[in-house]
Amino acid sequence: MDGIQTCGQLLEGALTRRNIDRLTRVDGLTGIRQLQSASDCRLDRIHAALAVAPADAVLSGWAAAVVHGVPSDFVDGTWDGKALMPVQFSVPAKDGARRRRGVRLRWSTVPQEHTVPYQGGLVTNGLRTAVDLARWSRTPARALAAVDLSLRHGLATAQDLQAFMPMMKRRQGMPLVRAAVRIGTLDAESPKESELRYYWLESGLPPPIVNAWIYDLRGLCMGRVDLLEPVSGYAGEFNGHWHEMWDRPALDA
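Predicted, not measured: the structure shown is a model, and the values here were computed from it.

Student: Kindly report on the nonpolar core, identifying the contributing residues and their values.
Tutor: By size, the foremost hydrophobic cluster in this structure holds 45 residues, and its most contacted members are I46, L59, W62, F89 and L161. Within the residue set of this core, elements represented by two or more residues are α3 (41–52), α4 (61–67), β5 (87–91), β6 (103–107), α5 (126–135), α6 (140–152), α7 (158–164) and α8 (174–183). If you tally residues by element for this core, the top one is α6, at seven residues. Leaving out residues up to four positions away in the same chain, W62 has contacts with R42, R45, I46, V75, G77, M85, P86, V87, Q88 and L133.

Structure (structure tokens):
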């Protein structure tokens, strides 16, 4: 892996332990040193995990989404903005359970047609990545966020997902995927906005318009709201940190 080597490889290359310890470490992974950094810090962790993953492992989940171009404001590789998620791989069940800090091996068979080559190994294709992101989610709200981001960033279309789901029907977490696909949209602009829409619908409110433009009586655009019930005018907004920056508080008001 370009720019990434294990400590064992460096020792074989005649570097001393002292010199190895001076090299840059990779967050969340042990026994790896970084010789040069990727343009995306998420890729540093992904490439380091690939260097120590089993030969038959397929890069999956959030890491696969990063490889397919999903930006960091949708997939940052953390649980909560701080705690790092392990880099996820799918491996055949016959391989047995193996643990390594910073790497998560999931027993999940991935047919060749569900993969594409990457960095000398394999990564799940966009459609399989979209399904895995949703079915591995911890809550139904996060599953909806996974489907929304997959639709928005071109990992899959709603039609593709509907056609693909029967091939995955016996896999863990598929009820989450089926429920999310029914209400998924490519108009959601953040995962938290998608989660808000899930709770909106769960509360019994009518399906909203997503990211609706609002105009005053003179026809001047006043801005957008995340969710809008068009009959009553009831609106819902998730105020992320950007609503506290620059002139946004005044514009929101």
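Once you've had a look at it, read on.
Student: Requested: an account of the sheet that holds strand β10 (residues 221–228), with residues and values cited.
Tutor: Pairing is antiparallel across the open sheet formed by three strands, whose spatial order is β9-β10-β11. Because the sheet does not close on itself, it has two edges, and the strands there are β9 (209–215) and β11 (235–236). In this sheet, β11 lies alongside β10 in antiparallel orientation, the contact comprising two bridges. Residue pairing across strands places L228 opposite A235, the latter belonging to β11. Of the strands in this sheet, β9, β10 and β11 touch helix α9 (residues 191–202), which is tilted by about 60 degrees from β10.

Student: Account for the environment of L50, naming residues and giving values.
Tutor: Secondary-structure assignment places L50 in helix α3. L50 gets classed as buried once you look at its relative accessible area, which sits at 15%. A C-alpha to C-alpha distance of 9.2 Å links L50 and G120, two positions 70 residues apart in sequence.

Student: An account of the packing of α6 against α8 is needed here, citing residue identities and associated values.
Tutor: A pair of packed helices can be characterised by two numbers: the angle between their axes and the separation between those axes. Where α6 contacts α8, the axes come no closer than 9 Å and their chain directions differ by 55 degrees. What the angle tells us is that α6 and α8 run oblique. In the packing of α6 onto α8, the handedness of the crossing is right-handed. The segment α6 lies against α8, with P140, A143, L144 and V147 engaging L176, A180, V181 and I183. For the contact of α6 with α8, the per-class residue count stands at eight nonpolar, no polar and no charged.

Student: Kindly report on unusual backbone geometry, identifying the contributing residues and their values.
Tutor: The backbone phi angle of Q119 is positive, close to 50 degrees, even though this residue is not glycine. Mapped onto the elements of the fold, Q119 is located in the loop between β7 (115–118) and β8 (121–124). The class for Q119 is partly exposed, based on a relative accessible area of 40%. Backbone geometry at N211 places phi at a positive 55 degrees, although glycine is not the residue there. Note on placement: N211 falls in strand β9.

Student: With reference to specific residues and values, describe the pairing of β7.
Tutor: The pairing of β7 with β8 spans four bridges and is antiparallel. Bridging across to β8, V116 finds its partner in V123.

Student: Let's hear about a positive patch on the surface: which residues, and what values?
Tutor: On the surface, R99, R104, R138 and R142 cluster together into a positively charged patch. Inspection of the secondary structure assignment puts R104 in strand β6.

Student: Tell me about the packing of aromatic side chains, and please be specific about residues and values.
Tutor: Under the definition given, this model contains two aromatic pairs. Judged by centre distance (5.3 Å) and plane angle (80 degrees), the ring pair of Y198 and Y199 falls under edge-to-face. Of the residues examined, Y198 reaches a relative accessible area of 17% and is grouped as buried. Overall, the relative accessible area of 49% leaves Y199 in the partly exposed class. Taken together, a centroid distance of 5.5 Å and an interplanar angle of 45 degrees make the contact between W200 and Y234 tilted. In this pair, W200 is assigned in helix α9 and Y234 in the loop between β10 and β11, connecting sequence segments 34 residues apart. The class of W200 is buried, set by a relative accessible area of 5%. The class of Y234 is partly exposed, set by a relative accessible area of 47%.

Calculation notes
- Residues numbered from 1 in each chain as written.
- Predicted model: local features only at pLDDT ≥ 70, side-chain atom pairs only at ≥ 80, totals over all residues.
- Heavy atoms only, no water.
- Core = buried A, V, L, I, M, F, W, Y, C linked by side-chain atoms within 4.5 Å.
- Buried < 20%, exposed > 50% of the residue type's maximum accessible area, 1.4 Å probe, protein only.
- Helix = DSSP H or I, 4+ residues; strand = E, 2+ residues; numbered from the N terminus.
- Contact = heavy atoms within 4.5 Å.
- Pairing = 2+ DSSP bridges.
- Axes fitted to C-alpha atoms, helices over the stretch in contact; angles between N-to-C directions.
- Parallel < 35°, antiparallel > 145°, perpendicular 65-115°, else oblique.
- Left-handed = near helix turned anticlockwise from the far one by under 90°.
- Nonpolar A, V, L, I, M, F, W, Y, C, P; charged D, E, K, R; others polar.
- Patch = residues over 30% accessible without salt bridge, like charges linked within 9 Å, V, L, I, M, F, W, Y side chains within 5 Å.
- Areas by Shrake-Rupley, 256 points an atom, 1.4 Å probe, with all protein chains shown as cover.
- Salt bridge = Lys/Arg side-chain N within 4 Å of Asp/Glu carboxyl O.
- Lys, Arg positive; Asp, Glu negative; His and termini not counted.
- Charge placed at Lys NZ, Arg CZ, Asp CG, Glu CD.
- Phe/Tyr/Trp six-rings, centres within 6.5 Å; stacked < 30°, edge-to-face > 60°.

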